[in-house]
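# Observations on the model geometry
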Amino acid sequence: MGPAEKDLSVQVAHAPQARRVECVSVSVPPGSSVELALRRSGLLERHGLSLEGLRCGVWGKLRPLDHPLREGDRIEVYRPLQVDPKEARRQRYRRQPTKPGRPSGSSL
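First, a word on scope: everything that follows refers to the structure included in this document. None of the values given here were measured: they were computed from a predicted structure. (Residues numbered from 1 in each chain as written. Predicted model: local features only at pLDDT ≥ 70, side-chain atom pairs only at ≥ 80, totals over all residues. Heavy atoms only, no water.)

Here we take up a positive patch on the surface. Taken together, the side chains of Lys86, Arg89, Arg92 and Arg95 make up a positively charged region of the molecular surface. You can call Arg92 partly exposed: its relative accessible area is 45%. (Patch = residues over 30% accessible without salt bridge, like charges linked within 9 Å, V, L, I, M, F, W, Y side chains within 5 Å. Areas by Shrake-Rupley, 256 points an atom, 1.4 Å probe, with all protein chains shown as cover. Salt bridge = Lys/Arg side-chain N within 4 Å of Asp/Glu carboxyl O. Lys, Arg positive; Asp, Glu negative; His and termini not counted. Charge placed at Lys NZ, Arg CZ, Asp CG, Glu CD. Buried < 20%, exposed > 50% of the residue type's maximum accessible area, 1.4 Å probe, protein only.)

Here is the structure:
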């Protein structure tokens, strides 16, 4: 790394609960990994997260903790699913009022 190389600016995002996202901007040296950005963000300590078993990605794609970062990357920390997505859709569908012309209980 030469003297002209400057730190990378990246964002770390975590949604500790539905509809609440916390984003932190951090600076890391060129060649840094996802793990370093996570540690520098302070989100691990603030939300009691451990690196072991943590699922995270860069721009929506799952990446390992040793994945190298580039300028402007957005690291996302994923939380475990509370409900199976198929079951969640079924529950939303059941809560909808019956629309005229559609018999209740019909599947589309």
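To continue, consider unusual backbone geometry. Positive phi values are uncommon outside glycine, yet Trp59 reaches one of about 50°. Mapped onto the secondary structure, Trp59 falls in the loop between strand E3 (55-58) and strand E4 (61-63). (Helix = DSSP H or I, 4+ residues; strand = E, 2+ residues; numbered from the N terminus.)

Attention now moves to the pairing of strand E5 (residues 74-78). Sheet topology places strand E1 (residues 8-17) next to E5; four bridges connect them, and they run parallel. Within the sheet, the bridge partner assigned to Ala13 lies in E5 and is Glu76. (Pairing = 2+ DSSP bridges.)

Before going further, it helps to examine the sheet that holds E5. Ordered in space as E2-E1-E5-E3-E4, the five strands form an open sheet in which the pairing is mixed. A single partner strand is all that each edge strand has here, and the edge strands are strand E2 (20-28) and E4. Across the sheet, the mean angle from the axis of one strand to that of its neighbour is 35°, orientation sign disregarded. Sheet strands in contact with helix H1 (residues 34-41) are E1, E2, E3 and E5, and its direction is about 110° off that of E2. (Axes fitted to C-alpha atoms, helices over the stretch in contact; angles between N-to-C directions. Contact = heavy atoms within 4.5 Å.)

Next up on the list: the environment of Leu44. Relative to the assigned elements, Leu44 resides in helix H2 (residues 43-46). Spatially, the C-alpha atom of Leu44 lies 9.6 Å from that of His14, the residues being 30 residues apart in sequence. Leave out the neighbours within four places in its chain, and Leu44 touches Leu38, Arg39, Leu49, Leu51 and Leu54.

All buried positions along H1 are accounted for by Val34, Ala37, Leu38 and Ser41. All buried residues of H1 fall inside an arc of 100° around its axis, so they share one side. Elements that come into contact with the buried residues of H1 comprise E1, E2, H2, E3 and E5. Of the residues trailing H1, Gly42 is marked for its positive phi of about 80°. (Arc of directions from axis to C-beta.)

Inspection of every chain in the model, using the stated rule, returns six salt bridges. We note a salt bridge from Arg90 to Glu87, for which the minimum N-O separation is 3.1 Å. In this pair, Arg90 and Glu87 are both assigned in helix H3 (residues 85-95), three residues apart and thus about one turn of the helix distant. By relative accessible area, Arg90 is classed as partly exposed at 41%. Looking at Glu87, the relative accessible area reads 26%, which means it is partly exposed.

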